[in-house]
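An overview of the molecular structure
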Amino acid sequence: MKEKSIDMESKEHEEDKLNKDLKTKIKGRVIFPNDLDYDQERKIWNGMIDKKPAIIVKCSGVQDVINAIEHAKSRGIKISVRSGGHGVSGSSIIESGLVIDLSLMKGIWVNPKDKTAIVQSGVTWGEFDREAQVFGLATPGGRISTTGVAGFTLGGGIGWLSRKYGLACDNLLSAQIVTADGQVLNIDKENEKDLFWAIRGGGSGLGVVTSFQFKMHQVGPMVYGGLIIYPAKLLDNVIDLVKKYMERSPQEVSILTVLSTAPPLPFIPKEMQGSKVIMLAGGFMGDPKEGEEILSPIKSIGEQKVDMMGPIPYAVLQSLPDALNPPHINNYWKNHYLKDLKAEPIEIIRKYYYNCPSPITEIHLEYLGGALSKVPDEENAFGHRNANWNINIVSKWKDPKETEINLNWTRRLSEELSPFSVGHYINYNGDSTEDMVKSSYNEIKYKQLVKIKKNYDPYNIFVAKF
Ligand SMILES: Cc1cc2nc3c(=O)[nH]c(=O)nc-3n(C[C@H](O)[C@H](O)[C@H](O)COP(=O)(O)OP(=O)(O)OC[C@H]3O[C@@H](n4cnc5c(N)ncnc54)[C@H](O)[C@@H]3O)c2cc1C
């Protein structure tokens, strides 16, 4: 007994020494549980996640990342990587492990001549779009401004530009990654091509990506977009219209159908606020004049709509839903790719939509297709490129007392949709269960990802989804 406590004491002493040593090796910041802002620093966007890491290292650059990996290995603890912190499942933060936080790494270099850009991993989509739009450039990015470029791209990345230019990961030209053995690799289609294949859609757990080089496209500054809001009684007509319209629409058109409750915002008529509505968000990612004409059919139903679609700066369109997605409230998401949106799943969605326990929850019917479905499937790890629809159940609620009822509602709706599902999208998964992750890829891709993970991280030091 006495011997054990001496052992423990010497272990604590050794850990203390290693921690002090880490502080001298990090140019950014090292945060321990006894630091005053520890609770603030361990928070992520999803308020449901409450994990207590042993150490958070806010890296200022690649050398800090290497030193942090080295430290975790010497202490025998696992590593998670946090960039924008938006991952709904909370896989960027680890209980009792070391968090490599990249939020201080904000470099953005846009090269208008060859239409490329390099961004560091702490950059959010709002920050990236702002700099790229100086040159009238953009690449498919997140539809709210605070999402991290890193996690979004590693999981695939579906944005308003994806039907025209593919996923964010399809536009990735190269990346810099620090692997488990502390090596810094510059990877692309020629160099470490298996690892480069894997990080494009395979998500996290393969190393720490410190920067991304993207192919950029001429976009805006003005496009045609925004929001059209229909009352729920028109649900069938709106879904029917969107289905028929999207199947025939040009690749510039991107529309997300959102089933929700009208929020109390000034631009929404008072009589509509608090009632069930269907919002059509998105627009035409090209010349606004052309967009106005091309999008006119989706404005053609009924009289009682709110039409807020018009010419809009691309960068503003990219941040339109920000207000509806505040940080630190409770979130639990589940999603299903469907080959087609047939009558049965629509009926299930309708039933749950009307008995949804939270007024801020949304059900997204996302039509895909276009350029993202034309990229050859073997090009990268991203799964289910050929599915036409993704149904994303975006459950949100503020009061923790309502957690149980919202979790149950979300799970039941997801279960009822399962028979129609062809898989899941890793970036929308609120759970990181093995089943959920496996079904985000086909069998061959999943096996390949496991193999690559074993090769680059043989001791499994990075929290992995596979
Ligand atoms: C409000 C909201 C809106 C969204 N809208 C969209 C959308 O329109 N389209 C879409 O496709 N997705 C969307 N998402 C999902 C989003 O793409 C994912 O949540 C994405 O993982 C967020 O990236 P992040 O860097 O902010 O997250 P983080 O939580 O920091 O990271 C997510 C995962 O990636 C890993 N990771 C992050 N950075 C690195 C790195 N540099 N190296 C290695 N691993 C890393 C983390 O360890 C974690 O497992 C949205 C999410 C939210 C919350």
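For the structure, check the block above.
Our subject in this report is the structure included herewith. The structure presented is a predicted model; accordingly, all values stated were derived computationally and were not measured.

Some words on the site of the ligand
Around the ligand, a shell composed of 32 residues is seen, among which Val81, Ser83, Ser91, Ile158 and Tyr425 lie nearest. Here an oxygen atom of the ligand sits 2.6 Å away from a polar atom, N or O, in the side chain of tyrosine 425. Within the complex, 96% of the 950 Å² of free accessible area of the ligand lies under protein. Secondary structure elements with two or more residues in the shell around the ligand: strand E3 (79-82), helix H5 (149-155) and strand E10 (208-215).

Quick look at the packing of aromatic side chains
To describe a pair of aromatic rings, one takes the distance between the centres and the angle between the planes. Counted under the stated rule, the structure contains 13 aromatic pairs. Taking 5.0 Å as the distance between ring centres and 75° as the angle between the ring planes, the aromatic pair formed by tyrosine 367 and tryptophan 389 counts as edge-to-face. With tyrosine 367 in strand E17 (residues 362-367) and tryptophan 389 in strand E18 (residues 389-397), this pair connects stretches of sequence that are 22 residues apart. Accessibility expressed as a relative area gives 2% for tryptophan 389, which makes it buried. Grouped by ring-pair contacts, the aromatic residues Trp45, Trp333, Tyr337, Phe382, Tyr425 and Tyr428 constitute a single cluster. The positively charged end of arginine 143 is found above the aromatic ring belonging to tryptophan 160, 4.9 Å away from the centroid.

Focus on the sheet that holds E3
Strands sit in the order E1-E2-E4-E3 across an open sheet of four strands; the sheet is mixed. Each edge of the open sheet is held by one strand with a lone partner, namely strand E1 (29-31) and E3. Here the strands of the sheet are splayed against their neighbours by 20° on average, with no regard to which way each runs. As paired elements, E3 and strand E4 (residues 98-101) share four bridges and run parallel to each other. Bridged to arginine 82 within E4 is aspartate 101. Most of the contacts of helix H3 (residues 62-75) go to E4, to which it runs at about 175°, and overall it touches strand E2 (55-58), E3 and E4.

Conventions we followed
- Per-chain numbering applies: the sequence of each chain, read as written, is numbered from 1 onward.
- Residues qualify for local features only when their pLDDT is at least 70, as the model is predicted, and side-chain atom pairs are given and counted only at 80 or more; totals for whole chains, interfaces and linings, by contrast, use all residues.
- Processing note: side-chain calculations cover all non-hydrogen atoms of the structure and skip hydrogens and water entirely.
- Any residue with a non-hydrogen atom lying within 4 Å of a molecule or strand is treated as near it.
- Polar contacts, as used here, are pairs of N or O atoms within 3.5 Å; protein pairs need one atom able to donate a hydrogen and one able to accept it. Residues neighboring in sequence count only if both atoms are side-chain atoms.
- Areas reported here follow the Shrake-Rupley algorithm with a probe of radius 1.4 Å; residue values treat only the protein chains shown as occluding.
- Helix and strand assignments follow DSSP, with helices taken as H or I runs no shorter than four residues and strands as E runs no shorter than two, numbered in order from the N terminus.
- Each pair of aromatic rings taken from Phe, Tyr and Trp, with Trp reduced to its six-membered ring, is defined by centres within 6.5 Å and is described as stacked if the planes are under 30 degrees apart, edge-to-face if over 60, and tilted in the remaining cases.
- Categorising residues by exposure relies on relative accessible area from a 1.4 Å probe, with only protein chains included: less than 20% of the type maximum marks a residue as buried, more than 50% marks it as exposed, and the intermediate range marks it as partly exposed.
- Note on criteria: charge over ring means Lys NZ or Arg CZ within 6 Å of the ring centre, with the direction from the centre no more than 35 degrees off the ring normal.
- Here a strand pair is declared whenever DSSP counts at least two bridges between the two strands.
- Angles run from 0 to 180 degrees between N-to-C directions of axes, and those axes are lines fitted to C-alpha atoms, restricted for helices to the stretch in contact.
- The contact definition used throughout considers only heavy atoms, calling two residues in contact when any of these lie within 4.5 Å.

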